[in-house]
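Structural overview for review
Listed below, chain by chain, are the residues.
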Amino acid sequence: MQKLHYLDNAATTPVDPDIADLCCDTMKQLFANPSSLYTPGLRAQQAMETARRQVADSLWAEPDTITFTACGTESDNIALQGAAKRTAGWAKNIVTTGFEHPAVAHTLKLLEKQGWQLRVVNPEPDGTLNAEKFLQAVDKYTGIATFLFVNNETGALQDIARLAQQVREKAPRASIHVDGVQGWCKHPIHLPETAIDSFALSGHKMHAPKGIGALYLRKNYRLEAVYGGGGQERGLRPGTENLPYIVALGAVAERYGSGIKKRLEKAAALNERLRSALCGMEGIGLNSPADASPYVLNFSLPGIRSETMLHYLEQSGVYVSSGSACSKGAASRTLLAMGLAPQRVDSALRVSLSDRTTQEDIDALCEGLKSGMATLLRRR
């Protein structure tokens, strides 16, 4: 069989086999409803609270700051819509960036239809966010300030602790939300030491199954509920809890929440190997900032549409993407917001790594790119 070189980990990661086994065992052994008052229900409840502590530990937080959700998108929705209801009595505007994930961007569009003024600060041409411009958009009527930890398309890495503190100093009543999906367990963050009110994370970006996420809410920070239901998860995410996946998320947090620095160093070495190889290929332009997360690298090819190269690489068992998985091939919102030329946007590829990525994967990609450019450009 052809060896698979999977380099689209920002879309989703392979499930850790040990985590999959744990999930399956939990499904069979702890089948009771965690809200039930008898012993099997109590055991299910105890397993859920263990997972809550494990996720909290990965953020250096307390267990009661963690709410389990179905995914990062739901976490973003609960945080943003809840904050909008929380601040609606006095606030008028929401400040955000022009390269948020659709989970945030589309939710803010819904809030805009409800009367909120959106103040969108686009990234610079090099892919970075100008923090000063972001802060200039914040005023005393800002109800929500929201920004990414790691951009899912370019890997642009934001100093979220510093920016949150600066926003807090200028707008003490604002709710500060961070989409941390691409940064969780990849970059260290001690959330209680920051001014961040809410932080979204997702399991399937870190070797857990799809369909589980969590929302951190700062101690004593209260959100207005956006769902009705049975009152589970303090009423913020009512509905019978998905215990097997919650246990899986907790196990992922425990396994990958430590050793972050060592894994970062490995990712940085692989990223540099790829960057060096790309710089040796004529016409390729890097779209990721120089100080981006090493887990993501975005670049454009000379005169070859990204979809064409994507399928050429697939023939060799190399899998990359043309941008956010949610876009399904549409032009990159992030690259357009950076002001890049349409031809460069149309030829962009995103490579995203995990702790399982190897030098062999990187070398297979580089060989595929060289072969692809020689073949596809000749056909034009």
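This write-up is about the structure you can find in this document.

Here is what the cut-offs are and how they apply
Residues numbered from 1 in each chain as written. Predicted model: local features only at pLDDT ≥ 70, side-chain atom pairs only at ≥ 80, totals over all residues. Heavy atoms only, no water. Helix = DSSP H or I, 4+ residues; strand = E, 2+ residues; numbered from the N terminus. Rg over C-alpha atoms; globule rule 2.2 N^0.38 Å. Buried < 20%, exposed > 50% of the residue type's maximum accessible area, 1.4 Å probe, protein only. Contact = heavy atoms within 4.5 Å. Areas by Shrake-Rupley, 256 points an atom, 1.4 Å probe, with all protein chains shown as cover. Lys, Arg positive; Asp, Glu negative; His and termini not counted. Charge placed at Lys NZ, Arg CZ, Asp CG, Glu CD. Pairing = 2+ DSSP bridges. Axes fitted to C-alpha atoms, helices over the stretch in contact; angles between N-to-C directions. Salt bridge = Lys/Arg side-chain N within 4 Å of Asp/Glu carboxyl O.

The helix and strand tally for the chain stands at twelve helices and twelve strands. A compact globule built from 380 residues should have a C-alpha radius of gyration of about 21 Å, and the chain, at 21 Å, falls within 12% of that. Once the C-alpha set of the chain is aligned to its principal axes, its extents read approximately 70 × 50 × 35 Å. Looking at the chain residue by residue over its 380 residues, the buried ones come to 57%. When contacts within the chain are restricted to residue pairs at least 6 apart in sequence, those whose partners lie at least 24 apart make up 75%. Summed over its atoms, the accessible surface of the chain is roughly 16,400 Å², and 51% of this surface lies on carbon and sulfur atoms. Computed over 42 positive and 39 negative side-chain charges, the inter-centroid distance for the chain is 3 Å.

Right, let's talk about the environment of Asp126 for a bit. Secondary-structure assignment places Asp126 in the loop between β4 (117-121) and α5 (131-137). For Asp126, a relative accessible area of 45% gives the class partly exposed. As for Asp126 and Pro289, which are separated by 163 residues in sequence, their C-alpha atoms are 5.7 Å apart. Once residues within four sequence positions are removed from consideration, Asp126 is found in contact with Asn287, Ser288, Pro289 and Met338.

On to the sheet that holds strand β10 (residues 296-300), then. Judged by pairing direction, the sheet is antiparallel, and its three strands sit side by side in the order β9-β10-β12 without closing on themselves. Each edge of the sheet is formed by a strand with only one pairing partner; in this case those strands are β9 (285-286) and β12 (348-352). Looking at chain direction, β10 and β12 are connected through five bridges and run antiparallel. Bridged to Ser300 within β12 is Ala348. The sheet contacts of helix α8 (residues 260-279) involve β9, β10 and β12, and relative to β10 the element is tilted by about 10 degrees.

Overall, mixed pairing links the seven strands, which are arranged β2-β8-β7-β6-β5-β3-β4 in an open sheet. Taken across any chain shown, the strands that pair with only one partner, and hence form the sheet edges, are β2 (66-69) and β4. Neighbouring strand axes in the sheet, compared pairwise and without regard to direction, differ in orientation by 20 degrees on average. Inspection of the sheet shows strand β5 (residues 142-148) paired to strand β6 (residues 175-179) by five bridges, in the parallel sense. Each bridged residue has a counterpart across the sheet, and for Leu148 the counterpart in β6 is Asp179. The sheet strands contacting helix α4 (residues 102-113) are β3 (93-97), β4, β5 and β6, and the helix crosses β3 at an angle near 160 degrees. Against the sheet, helix α6 (residues 160-170) makes contact with β5, β6 and β7 (198-202), and its axis sits at roughly 170 degrees relative to β5, the strand it touches most.

Right, let's get into unusual backbone geometry. A positive phi angle is found at Trp60, which is not glycine, with a value near 60 degrees. Note on placement: Trp60 falls in the loop between α2 (39-58) and β2. The backbone of Asn220 shows a phi angle near 70 degrees, a positive value even though the residue is not glycine. Within the element layout of this structure, Asn220 appears in the loop between β8 (213-217) and α7 (243-256).

The tally for this structure, following the rule as stated, stands at 17 salt bridges. The partner of Glu233 in a salt bridge is Arg52, with the nearest N and O atoms 2.9 Å apart. One end of the pair, Glu233, is in the loop between β8 and α7; the other, Arg52, is in helix α2, and 181 residues separate them in sequence. Taking relative accessible area as the criterion, Glu233 reaches 8% and is therefore assigned buried. By relative accessible area, Arg52 is classed as buried at 8%. A salt bridge links Glu112 to Lys109; its shortest N-O distance comes to 3.4 Å. Taken together, the residues Glu112 and Lys109, both in helix α4 and three residues apart, mark about one turn of the helix. Residue class for Glu112 comes out partly exposed when judged on its relative accessible area of 34%. What emerges from the salt-bridge pattern is a single network uniting Asp16, Asp18, Arg255 and Arg356.

Quick look at the pairing of β7 now. Within β7, five of the five residues are buried, which leaves the element mostly enclosed by the surrounding structure. Here three bridges tie β6 to β7, and the two strands are oriented parallel to one another. Bridge pairing links Val178 to Phe199 in β7. Sheet analysis places β7 next to β8, joined by five bridges and oriented antiparallel. Directly across from Leu201, in β8, lies its bridge partner Ala214.

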